[in-house]
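# Inside the fold
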Amino acid sequence: MLFGRKDRNPIRIADKQVKEWKYTTCGYCSTGCSINVGLDEDGNAVATQGVADADVNRGKLCIKGIFEHELFKAAGRGDNPLIRSKPYEEDFKETDWDSALDHMGAEIQRIQQEHGKDSFAIISTGQLLTEEFYTLGKLARGCIGSNNYDGNTTLCMASAVSGYKRSFGSDGPPGCYDDFEHTECLIAWGSNLPEQHPIIYWRLKEALEKRKFPLIVVDPRVTMLAQFADMHLPITPGTDLVLMNSLMHVILAEGLEDREYINAHTKGIEEVEACVKDYDPITASKICGIDEDTIRNVARLYAKAGAAMSIWTMGINQSTHGSDGVVGINSLNLITGNIGKPGGTSLSITGQCNAMGTREWSSCSGLPGYRALEKPEHRKEIAEFWGIDEEFFPKKRGLTETDIFPAIETGQIKGLWLVATNPMTSMPNTARIRKTLEKLDFLVIQDAYADVETTQYAHMFLPAAVWAEKEGCFTNTERRVNIVRQVVKPKGNTKPDFWIFKELAKRFPNGQKIHFPETPEGAFEEMKQLSKGDKRTLDISGMTHDLIEKSRGIQWPYREDDHQDDAVAKGNPRLYSDGVFQTPDGKANLIPLPFINNNEVPDDDYPFWMNSGRVVEHFHTRTRTGKLGNLNKFSPTPYMEMNPDAARELGVAHQSYVRLVSRRGDAVVMVQLTQRVPRNMVFIPFHFHDCVNRVSLGLLDPHSRQPAFKQCAVRIEKVDQQLAGELNAERRTY
Ligand code: SF4
């Protein structure tokens, strides 16, 4: 559902009240749409509209963007800091900010003195502004000093990061939306753009309407994108790697590869050739469920296209071999010479609005600006820049989010700070997460909303300002840095996350030595300094906040020398156009990827695959969208897609309730009969609390530590309908 200038919606009645429009950037998904928020004469946000001259969305918004102004006054916002010593036994008491931050600083240092520096863990998000990520990284790495610091992007983009690093030597999506205008063949791997990223889908559709090219969708479910595709490949869950290897087998066996590009810009082709020999289409079809002729046709289409591109989202990333899947897509593009040229790329479609910002600047997996803790020269450079002893930094990365929770179980971690993330709904195996959180000596939740499910386990709650109550940048899927302007003041006594981080830093010995800029623009200046360098792709040194707004976003790299006075800046749409990668010898890595099937698969006791994903109206754990009537009314309750033939066999009726059971737990859910899912599969939106993640397994990818949310085995049982209906009604009231 898209709303543009011609597609007027009832909310437009509010135009009459608008006295001023303020520019900002959408705070939901990573598409990065430019938004004008309309303010009435009292400064209240009363409307939103897409920005017509913004290259990303060209005046369009999806349903979440069009109602985004409503979230400032949504229910459940925090107001004052809250504190208590015993969750479950005591109610929270309000306190002032100084007392809250004094207490938090003292508790972190007490835990670290008693149990070691790494016994206090921090998990952040992909929702903060980039300057906030940079400041949190400075606090976490430079002042608190725990190595157990990660972001919830481990649940969504870690496999893409890992795969890009393994193939190209660095993170950073090499392509852009403009590639749709140039490609001659597109494969979408586990990516359902119309529901996940509606405006990127609109860009793709516009390109397809101007110039026809084959759209191939690989997905076990007949998604909306699959319905628009020229070819839908309904793959067996978790077997993408087999299909990729088989496509490469055909391309290499038939001599369709770009040997000149391979020789000039890659290494490892011999190992890949040896590996993919085992994946002839006949063998592969028996594992991945795609017939041999289709495999051959797709391989030929892709290799013979003048420019071919692959996009992917969670269908690849959230898998036990997510990182390998990304490397496989990169290799497919490398052997066909499809990296860094218009229409030829491997483009991960990112999830959260600023998942890219955290990857670039938060220091979660290393140090700012894609620097690595493992490299002594990087530790030295940042220690000198921040003015601290380089020995303060760990020499390798610590635990990821998915390994931090098990470390709480074993008593290795005693304290946890969660920033804008809600593991009670987002992590696999809810029952295990609940028990884990109960073990903590000290849990701090920092969030715009006090009623996130995880708060019930907390000792402290810090109320943060939300989205355009703050100022700073987001980076979108195509490396475009755009600006979020402060549109309204922070609600009540809430504070921007930026302020919370810099004020907390003062409670630590290093925080009194290190300079923390007073404004997000000051932090941006530091980031610019750190981004400079001959070989750096992540160079933002030519950008300023004002230039970013004027240009409606700028794609990095954008160097000081790139800037012309008074010009609107475009930035660089593609990486690696010169065939030089961020590896020591400048060549991309081709890596052999043998398939190991370690998934939980359906059997006699649990005969259905369970798959999960998004609906267009909701974002993540519904912290925001679940409270906006104009969104929630379209999808108020959890449901499960089930094939009518399977339902008939079990005697399950449309819109009846069933109990879904896995080896981890159970969930009661309403059935929606549809042929979008095959007979042996069910699909559930992941947004709802006490639903899909009560059942999910979430085995971890060995490289990225990202969970395989989308693949586990379940059975379906009938339940008392009245009881289930009452339970569901309770669950959907926020
Ligand atoms: Fe916001 Fe994403 Fe919708 Fe654009 S597509 S309006 S960025 S939620």
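No experiment lies behind these values; they were computed from the predicted model shown.

## Section: the overall build of the chain
Scanning the chain from N- to C-terminus turns up 27 helices and 28 strands. Over its C-alpha trace the chain gives a radius of gyration of 25 Å, about what one expects of a compact globule, namely 27 Å for 734 residues. The principal-axis extents of the C-alpha atoms in the chain amount to approximately 70 × 70 × 60 Å. Here the chain holds 734 residues, and the buried ones make up 66% of them. For the chain, restricting intrachain contacts to residue pairs at least 6 apart in sequence, the fraction spanning at least 24 positions comes to 73%. Accessible surface computed for the chain: about 25400 Å², of which carbon and sulfur atoms make up 48%. In the chain, which carries 87 positive and 99 negative side-chain charges, the distance between the mean positions of the two groups comes to 1 Å.

## Section: helix H4 (residues 158–168)
Burial analysis of H4 places 10 of its 11 residues in the buried class, the great majority of the element. Buried residues of H4: Ala158, Ser159, Ala160, Val161, Ser162, Gly163, Tyr164, Arg166, Ser167 and Phe168, and no others. Looking at the buried positions of H4, the neighbouring elements they touch are strand E14 (308–312), helix H13 (314–317), helix H14 (322–335), strand E15 (345–348), helix H15 (355–361) and strand E22 (588–589). Remark: glycine 169 follows H4 within two positions and exhibits a positive phi of approximately 85°.

## Remarks on empty space enclosed by the protein
The full count for this structure, using the stated rule, is 6 cavities of 30 Å³ or more. Of the volumes computed, that of the largest cavity is approximately 660 Å³. Around the largest cavity sit 41 residues that line it, and Gln127, Asn152, Gln352, Ala420 and His620 are the ones nearest its centre. Partitioning the lining of the largest cavity into residue classes produces 19 nonpolar, 17 polar and 5 charged. Looking at the second largest cavity, its volume works out to about 320 Å³. If you trace the second largest cavity, you find 28 residues lining it, with Asp219, Gly315, Asn611, Ser612 and Lys710 closest to the centre. At the level of secondary structure, the elements contributing two or more residues to the lining of the second largest cavity comprise H13, strand E23 (608–613) and strand E27 (681–685). When residues in the lining of the second largest cavity are grouped by element, the largest group, 5 residues, is from E23. For the lining of the second largest cavity, the residue count by class is 10 nonpolar, 13 polar and 5 charged.

## Let's talk about the packing of helix H3 (residues 130–144) against helix H22 (residues 520–531)
Relative orientation of the contacting elements H3 and H22 amounts to 75°, with a least axis distance of 9 Å. Here H3 is positioned roughly perpendicular relative to H22, judged by the angle of their axes. The residues of H22 that touch H3, namely those facing Thr130, Glu131, Tyr134, Thr135 and Lys138, are Pro520, Ala523, Phe524, Glu526, Met527 and Leu530. In the contact of H3 with H22, the residues fall into 6 nonpolar, 2 polar and 3 charged.

## Some thoughts on the packing of aromatic side chains
Applying the stated criterion across every chain yields a total of 14 aromatic pairs. An angle of 80° between the planes, with centres 5.5 Å apart, marks the rings of tryptophan 97 and tryptophan 499 as edge-to-face. Of this pair, tryptophan 97 sits in helix H2 (residues 97–115) while tryptophan 499 sits in helix H20 (residues 497–505), and the two are 402 residues apart along the sequence. The exposure class assigned to tryptophan 97 is buried, which follows from its relative accessible area of 6%. Classification of tryptophan 499 by relative accessible area gives partly exposed; the value is 22%. Here the aromatic rings of tryptophan 417 and phenylalanine 501 are separated by 5.9 Å at their centres, their planes lie at 65°, and the arrangement is edge-to-face. A residue pair is termed long-range when its members are at least 10 positions apart, and tryptophan 417 in strand E16 (residues 415–419) and phenylalanine 501 in helix H20 qualify at 84 residues. Owing to a relative accessible area of 0%, tryptophan 417 belongs among the buried residues under this scheme. For phenylalanine 501, a relative accessible area of 0% translates into the label buried.

## A closer look at the UniProt feature "domain: 4Fe-4S Mo/W bis-MGD-type" (unreviewed entry) in the chain
Cross-referencing UniProt, the feature "domain: 4Fe-4S Mo/W bis-MGD-type" (unreviewed entry) maps to residues 19–76 in the present numbering. Between the end C-alpha atoms of residues 19–76 the distance is 28 Å, and the span holds 7% helix and 34% strand.

## Considerations on helix H17 (residues 401–409)
Of all the 9 residues making up H17, 7 are buried; the element is thus mostly covered by neighbouring parts of the structure. Of all the residues in H17, the buried ones are Glu401, Thr402, Asp403, Ile404, Phe405, Ala407 and Ile408. Where H17 is buried, its residues meet strand E8 (120–124), strand E9 (149–151), E16, helix H18 (423–426) and helix H19 (430–438). Among the residues trailing H17, glycine 411 stands out with phi positive, at a value near 85°.

## Remarks on the site of the ligand
In the neighbourhood of the ligand, the contacting residues comprise Cys26, Tyr28, Cys29, Thr31, Gly32, Cys33, Leu61, Cys62, Lys64, Gly65, Pro198 and Ile199. Listing elements by their share of the shell around the ligand, those giving two or more residues are strand E5 (61–62), helix H1 (63–66) and helix H6 (198–210). A class-by-class count of the residues in the shell around the ligand yields 8 nonpolar, 3 polar and 1 charged.

The rules behind each value
Numbering of residues starts from 1 in each chain and follows the order in which that chain's sequence is written. Residue-level local features of this predicted model are given only where pLDDT is at least 70; pairs of side-chain atoms are given and counted only at 80 or more, and the full residue set underlies all totals for whole chains, interfaces and linings. As a convention, hydrogens and water are excluded, and side-chain values are obtained from all of the structure's heavy atoms. Only runs of H or I of at least four residues qualify as helices and only runs of E of at least two qualify as strands under DSSP, and these elements are numbered from the N terminus. Values of the radius of gyration come from C-alpha atoms, whereas the globule rule sets the reference at 2.2 Å times the count of residues to the power 0.38. Relative accessibility decides the category of a residue: with a 1.4 Å probe and only protein chains considered, values under 20% of the type maximum give buried, values over 50% give exposed, and everything between is partly exposed. Whether two residues are in contact is decided by their heavy atoms, any of which lying within 4.5 Å being enough. Where accessible areas are quoted, they stem from the Shrake-Rupley method and a 1.4 Å probe; at the residue level, only the protein chains shown are allowed to cover. Within this scheme the basic residues Lys and Arg register as positive and the acidic residues Asp and Glu register as negative, but His and the chain ends are omitted. Lys charges are placed at NZ, Arg charges at CZ, Asp charges at CG and Glu charges at CD. In this analysis a 1.4 Å probe is tested at points of a 1 Å grid over the protein atoms alone, and where it fits but cannot get out there is a cavity; an open set with protein on both sides within 12 Å along at least five of seven lines is a pocket; lining residues have an atom within 4 Å of a point. Grid points are joined across faces, edges and corners, and a volume is the space filled by probe spheres set on the points. Basically, the charged four are Asp, Glu, Lys and Arg, the nonpolar ten are Ala, Val, Leu, Ile, Met, Phe, Trp, Tyr, Cys and Pro, and anything else, Gly included, counts as polar. To get an axis, fit a line to the C-alpha atoms, keeping to the stretch in contact for a helix; angles then go from 0 to 180 degrees between the N-to-C directions. Any angle that is under 35 degrees is reported as roughly parallel, and any over 145 degrees as roughly antiparallel; angles of 65 to 115 degrees are reported as roughly perpendicular and all others as oblique. Stacked, edge-to-face and tilted labels apply to pairs of Phe, Tyr and Trp rings (six-membered ring for Trp) whose centres lie within 6.5 Å, assigned for plane angles under 30 degrees, over 60, and everything in between, in that order. UniProt positions are given in the numbering used here, feature names are shortened, and annotations may be inferred rather than shown by experiment. Throughout, near means a residue has at least one heavy atom within 4 Å of the molecule or strand.

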